[in-house]
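Per-entry structural report
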Number of protein chains: 2
Amino acid sequence: MITKAEKTKAFIIETVAPIFNKNGYAATSIADITKATGLTKGAIYGNFENKEQLAIAAFKFMVKSLMREIVKHMDKSDSPIEKLLLISDFYRNYYRYTNKMGGCPILNVGVDSNHQNTLLLEKVRTIIQRIQDQLATIIEEGIELGEISTEINAMYTAKRIDTMIQGAIFMAYTMDDDFYIQDTMNQIDKMINEELRA
Amino acid sequence: MITKAEKTKAFIIETVAPIFNKNGYAATSIADITKATGLTKGAIYGNFENKEQLAIAAFKFMVKSLMREIVKHMDKSDSPIEKLLLISDFYRNYYRYTNKMGGCPILNVGVDSNHQNTLLLEKVRTIIQRIQDQLATIIEEGIELGEISTEINAMYTAKRIDTMIQGAIFMAYTMDDDFYIQDTMNQIDKMINEELRA
DNA sequence: TTAGTAATATACCAATTGGTATATTTTAAG
DNA sequence: CTTAAAATATACCAATTGGTATATTACTAA
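What you see is a predicted model, and the numbers here were worked out from it, not measured in a lab.

**Here we look at the packing of helix α8 (residues 118-144) of chain A against helix α9 (residues 154-175) of chain B**
Axes are the key here: two packed helices are described by the angle between their axes and the distance separating the axes. As a packed pair, α8(A) and α9(B) sit with axes 10 Å apart at the nearest point and diverge in direction by 120 degrees. Judged by the inter-axis angle, α8(A) sits oblique to α9(B). Contact with α8(A), carried on its side by A:Leu121, A:Val124, A:Arg125, A:Ile128, A:Gln129 and A:Gln132, involves B:Phe170, B:Met171, B:Tyr173, B:Thr174 and B:Met175 of α9(B) and no other residues of that element. For the contact of α8(A) with α9(B), a count of residues per class yields seven nonpolar, three polar and one charged.

So this is what it looks like as C-alpha cells:
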C-alpha cells in the first residue's frame, strides 16, 4: 500500500532534484527546499535523515528518469550498431531535455561532489561505470553479430564515447551553445560508421 | 613600487585559489580563507571588495599560470602541427599538474558558477573562447604553411579538440583515473596526424 | 465515533554565514 | 625618532545554516 509519506517523499524528491542540480549541494539550503515544496522542516526531516540523504535521493531520481528515457530510445532497434546511433541521437535532444532539470546531473554532481561529498561522488562513479558497461556490452554484441569489427576494443571505445559525450555536455552548458553537442554527436556517428562498422 | 598590501593580496590569492577550486564558491567560507591564510577578516576585506571578487581573482590567477605553462610548452616548436602535438603532450601531465591546485579551474568553476554566479561564469566563457581562438589560429597558420589540409575548418576543429580535452578532464577527475586523459590525447594526436595533416 | 498512530508543523537551538565599523599595529617618509 | 597613513586585527552585526524536540494535525483501523 502507498502511504501518505511515500507520496510526500516522492513529491519532495521531484521538487528538490532540479534545485540541487542547478545550485549544487552546498548552495542549496533547507530553506530553499521548504520554500520550493511548501512544506516545513518537520516534513522534510520526517522523510529524510538529513540534507545529504535527500541530495542522494534527488540524484538517483534524476539519473533513473534519464536512464529510462535513453533505454526507451535505444530499444527502438535490436541491432547493436543501430542502438549506438540511437544513443547519439538521444543526446541530440539532451540540452533541451536536461535544461528543464537544471542541467546534466552526472556532470553537475560529479564536479560538485568531488573533494566535497564522498557519498555523492560514489553514486556518480557507479552510474558512469554502469553507462560504460552497458555501452561496452552493446559493442560486444555488435562484434558477436558481425556488425562491428573484431579489431575494436569494446571497453576502450565505450569510455571514448562517454568521454566525448561528457565533454560536449560541459561545453554546451558552460558556453550555453548546443552546437557542441550536435557536432560531437556527428563525430560519434562518423566514428561508429567509419571505424566500428565491420 | 611594490607595497605591503600588494604582496598580501598576491599571497591571499595564491593561498585561496586551490581552496575555491576544490570546494567551489558557496562551499568556501570566509572562515576557510582566514584560517588558510592566517590572516583576519580585516586583511581580507581590506584587499578585496567581497568574496566574489576574491574568487574571481583566484580563478584568474589559476588560469593565468596554467596558460603560461601551456604557452611555454607550445613554444618549443614553430611548426603549427608540432604545436598542436605539444598541446596534447602538455595535457598528458595535466592530471598530476592540476591535482596540486585542486583540479581543472575551467571545469570546476564552469560547472560551479553555472546558474549561480554570473560574473564567474563570464570569466570562464572568456577563457574558453580565448583558448579556442588560439587553437584556431594555430590551425589556420598550419593551413597557410601547407602543413594542414585546406579541407579543415579551423574553428570547428578547435572546438572539437577543446571539447574532447574537457571531457577527458571531467572523466579523469570524477573517476580518479588518468587513463581518460591519456587515451583522449592519443585520439587527438591520431586526429592531427590522420585528418589534419595535408 | 474514537483511539492510536503516522505525518507534518512550530518553535527553538548553537554555530556559522558574509560583511562592517572601529581599534590597533605596521610601514615608510621626513 | 616622529608622525601620518596604510594595513591589519578585533569586536560586533543581523541573517542564515542544518538540525531537533515537541506540539499539532491528518489518517486509519476498530
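**Points about the relation of the copies chain A and chain B**
Taken as rigid bodies, chain A and chain B are interconverted by a rotation of 180 degrees and an axial shift of 0.0 Å, the fit giving an RMSD of 0.0 Å. Both copies of the chain, as the preceding transformation shows, are related through a two-fold rotation axis. Using C-alpha coordinates, one finds that chain A approaches the rotation axis most closely at A:Gly167, a distance of 1.6 Å. Taken as a fraction of all interface residues of chain A, those also at the interface in chain B reach 100%, which identifies the copy contact as same-surface.

**Quick notes on a negative patch on the surface**
Where like charges cluster on the molecular surface, the negative patch consists of A:Glu194, A:Glu195, B:Glu194 and B:Glu195. Of all the elements in the fold, those that place two or more residues in the negative patch are α10 (179-196) of chain A together with α10 (179-196) of chain B. Assignment of secondary structure puts B:Glu194 in helix α10. A relative accessible area of 60% means that B:Glu194 is categorised as exposed.

**Thoughts on helix α8 (residues 118-144) of chain B**
Relative to the 39 Å expected for 27 residues at 1.5 Å per residue, α8(B) spans 38 Å between its end C-alpha atoms, a close match to the ideal helical length. Inspection of α8(B) places B:Leu120, B:Leu121, B:Val124, B:Ile127, B:Ile128, B:Ile131, B:Gln132, B:Leu135, B:Ala136, B:Ile138, B:Ile139 and B:Gly142 among the buried residues, and these make up the whole buried set. Residues of α8(B) that are buried make contact with α9 (154-175) and α10 of chain A together with α4 (51-74), α5 (80-91), α7 (105-113) and α9 of chain B. N-cap assignment for α8(B): the residue whose side-chain oxygen lies 3.3 Å from the backbone N of B:Leu119 is B:Asn117. Looking one or two places after α8(B), you find B:Gly146, whose phi comes out positive at around 80 degrees.

**A word on the pattern of salt bridges**
Residue and element names in this part refer to chain B. Summed over all chains, the structure comprises eight salt bridges over all chains. Lys83 is paired through a salt bridge with Asp75; the nearest N and O atoms lie 3.2 Å apart. A residue is classified by how much of its surface remains accessible, and Asp75, at 47% relative accessible area, is partly exposed. With a closest N to O distance of 3.2 Å, Arg92 and Asp189 form a salt bridge. Within this pair, whereas Arg92 is found in the loop between α5 and α6 (94-99), its partner Asp189 is found in helix α10, the two being separated by 97 residues in sequence. A relative accessible area of 16% means that Asp189 is categorised as buried.

**Some thoughts on helix α2 (residues 30-37) of chain A**
Residues and elements named next belong to chain A. Taken together, the buried positions of α2 are occupied by Ile30, Ile33, Thr34 and Thr37. Summarising the axial view, the buried residues of α2 lie within an arc of 95 degrees, below the 170-degree limit, and thus occupy one face. Downstream of α2 by one or two residues, Gly38 has phi in the positive range, about 75 degrees.

**Details of the packing of α7(B) against α8(B)**
All names here are of chain B. Two elements in contact, α7 and α8, have axes whose closest approach is 9 Å; the angle formed by their N-to-C orientations is 140 degrees. Our classification of the angle between α7 and α8 gives oblique. Our pair here, α7 against α8, has a crossing hand that is left-handed. Residue-level contacts link Ile106, Val109, Gly110 and Ser113 of α7 to Leu120, Leu121, Val124, Ile127, Ile128 and Ile131 of α8. Class assignment of the residues belonging to the contact of α7 with α8 gives a composition of eight nonpolar, two polar and no charged.

**Some details on the interface of chain A and chain B**
At the interface, 42 residues of chain A touch 42 residues of chain B. Between chain A and chain B, the buried area comes to about 3,500 Å², and carbon and sulfur atoms account for 62% of it. The interface formed by chain A and chain B includes two salt bridges. Among the ionic pairs, B:Asp183 bridges to A:Arg160, the shortest N-O distance being 2.8 Å. Between chain A and chain B we count ten residue pairs in polar contact (both at pLDDT 80 or more) in total. Listing elements by their share of the side of chain A that touches chain B, those giving two or more residues are α1 (4-23), α7 (105-113), α8, α9 and α10 of chain A. Per element, the largest residue contribution to the side of chain A that touches chain B is 14 residues, and it comes from α9(A). Each residue belonging to the side of chain A that touches chain B can be placed in one class, and the counts come to 17 nonpolar, 15 polar and ten charged.

**Observations concerning the side chain of B:Thr157**
Position of B:Thr157 relative to the elements: it lies in helix α9. A polar atom in the side chain of B:Thr157 sits 2.7 Å from the backbone oxygen of B:Asn153.

**Side note on the packing of aromatic side chains**
In this description, an aromatic ring pair is defined by two values, namely the gap between the centres and the angle between the planes. One pass over the structure, following the stated rule, counts 16 aromatic pairs over all chains. Taken together, a centroid distance of 5.3 Å and an interplanar angle of 35 degrees make the contact between A:Tyr156 and B:Phe179 tilted. Here A:Tyr156, found in helix α9, pairs with B:Phe179, found in helix α10, and the two come from separate chains. By relative accessible area, A:Tyr156 is classed as partly exposed at 40%. One aromatic cluster is present, built from ring pairs that chain together A:Phe90, A:Tyr91, A:Tyr94 and A:Tyr97.

Procedures and definitions
Residues numbered from 1 in each chain as written. Chains lettered and ligands numbered in written order. Predicted model: local features only at pLDDT ≥ 70, side-chain atom pairs only at ≥ 80, totals over all residues. Heavy atoms only, no water. Axes fitted to C-alpha atoms, helices over the stretch in contact; angles between N-to-C directions. Helix = DSSP H or I, 4+ residues; strand = E, 2+ residues; numbered from the N terminus. Parallel < 35°, antiparallel > 145°, perpendicular 65-115°, else oblique. Contact = heavy atoms within 4.5 Å. Nonpolar A, V, L, I, M, F, W, Y, C, P; charged D, E, K, R; others polar. Least-squares fit on C-alpha atoms with pLDDT ≥ 70 in both. Patch = residues over 30% accessible without salt bridge, like charges linked within 9 Å, V, L, I, M, F, W, Y side chains within 5 Å. Areas by Shrake-Rupley, 256 points an atom, 1.4 Å probe, with all protein chains shown as cover. Salt bridge = Lys/Arg side-chain N within 4 Å of Asp/Glu carboxyl O. Lys, Arg positive; Asp, Glu negative; His and termini not counted. Charge placed at Lys NZ, Arg CZ, Asp CG, Glu CD. Buried < 20%, exposed > 50% of the residue type's maximum accessible area, 1.4 Å probe, protein only. Expected span 1.5 Å × (residues − 1). Polar contact = N/O pair within 3.5 Å; in protein donor to acceptor, adjacent residues only side chain to side chain. Arc of directions from axis to C-beta. Left-handed = near helix turned anticlockwise from the far one by under 90°. Buried area = accessible area lost by both parts, 1.4 Å probe. Phe/Tyr/Trp six-rings, centres within 6.5 Å; stacked < 30°, edge-to-face > 60°.

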